[in-house]
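Residues per chain, in single letters:
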Amino acid sequence: MGVAEEHFGKQVKKLRIACGISQEELAHRADIHTSYVSQLERGMKSPSFGVILRVALALGTSGTELVRGVEESMVTQRC
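Conventions used here
Residues numbered from 1 in each chain as written. Predicted model: local features only at pLDDT ≥ 70, side-chain atom pairs only at ≥ 80, totals over all residues. Heavy atoms only, no water. Helix = DSSP H or I, 4+ residues; strand = E, 2+ residues; numbered from the N terminus. Polar contact = N/O pair within 3.5 Å; in protein donor to acceptor, adjacent residues only side chain to side chain. Contact = heavy atoms within 4.5 Å. Buried < 20%, exposed > 50% of the residue type's maximum accessible area, 1.4 Å probe, protein only. Arc of directions from axis to C-beta. Expected span 1.5 Å × (residues − 1). Core = buried A, V, L, I, M, F, W, Y, C linked by side-chain atoms within 4.5 Å.

Undergrad: Lay out the side chain of glutamate 41 with the relevant residues and their values.
TA: In this fold, glutamate 41 is placed in helix H3 (residues 34–41). In terms of polar contacts, glutamate 41 uses its side chain to reach the side chain of arginine 16, at 2.5 Å. A polar side-chain atom of glutamate 41 sits 2.8 Å from a polar atom in the side chain of glutamine 23. Setting aside chain neighbours within four positions, we find glutamate 41 in contact with Gly9, Lys10, Val12, Lys13, Arg16, Gln23 and Leu26.

Here you go:
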């Protein structure tokens, strides 16, 4: 996968750890498979719009804020 997926995965992991939940709990809350959460966090999968929204809600944030965090980390890394 690409750079965006890597940054998305890092953002998801950062928020998940901040929430104090496991990958299993995130998967349960977002109604996705545990192995898919692992693949997302490692940047191996490109999530659909629906998955982005479900993951964001499961992490107690909005899709907008989740994507904003990804964008900010990408811009920070670029310069």
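Undergrad: Explain helix H4 (residues 49–58) to me, using residue names and the numbers behind them.
TA: Every buried residue of H4 is accounted for by Val51, Ile52, Val55, Ala56 and Ala58. Angular distribution of buried residues about the axis of H4 spans 165 degrees; they occupy a single face of the element. Across from the buried face of H4, at angles greater than 90 degrees, the exposed residues are Phe49 and Leu57.

Undergrad: Describe helix H1 (residues 3–19), with residues and values.
TA: Every α-helix winds through 3.6 residues per turn, so residues three or four apart in the chain are directed the same way. For H1, built from 17 residues, the straight-helix expectation of 24 Å at 1.5 Å per residue is met to within 8% by its first-to-last C-alpha distance of 24 Å. By the burial criterion, the buried members of H1 are Glu5, His7, Phe8, Gly9, Gln11, Val12 and Arg16. Of the residues one or two after H1, glycine 20 is the one with positive phi, at around 70 degrees.

Undergrad: Could you give me a rundown of the environment of arginine 54, with the residues and numbers involved?
TA: Its location among the elements puts arginine 54 in helix H4. Note: C-alpha distance between arginine 54 and alanine 27 (27 residues apart in sequence) is 9.6 Å. Beyond its immediate chain neighbours, meaning those up to four positions away, arginine 54 contacts Ala30, Asp31 and Ile32. Within polar-contact distance, the side chain of arginine 54 engages the backbone oxygen of alanine 30 at 2.9 Å.

Undergrad: Quick rundown of unusual backbone geometry? Include the residues and the values.
TA: Note: most residues except glycine have negative phi, and most peptide bonds are trans. Positive phi, close to 60 degrees, is recorded for aspartate 31, a residue that is not glycine. With respect to the secondary-structure elements, aspartate 31 resides in the loop between helix H2 (23–30) and H3.

Undergrad: An account of the nonpolar core is needed here, citing residue identities and associated values.
TA: Soluble globular proteins: nonpolar side chains tend toward being buried together. Judged by nonpolar contacts, the single largest core of 18 residues is most densely connected at Phe8, Val12, Leu26, Ile32, Leu40, Val55 and Leu66. Going through the elements one at a time, H1, H2, H3, H4 and helix H5 (63–78) are the ones with two or more residues in this core. Per-element tally for this core: the top contributor is H4, with five residues. In contact with phenylalanine 8, not counting residues within four places along its chain, are Leu40, Pro47, Ile52, Leu66 and Val70.

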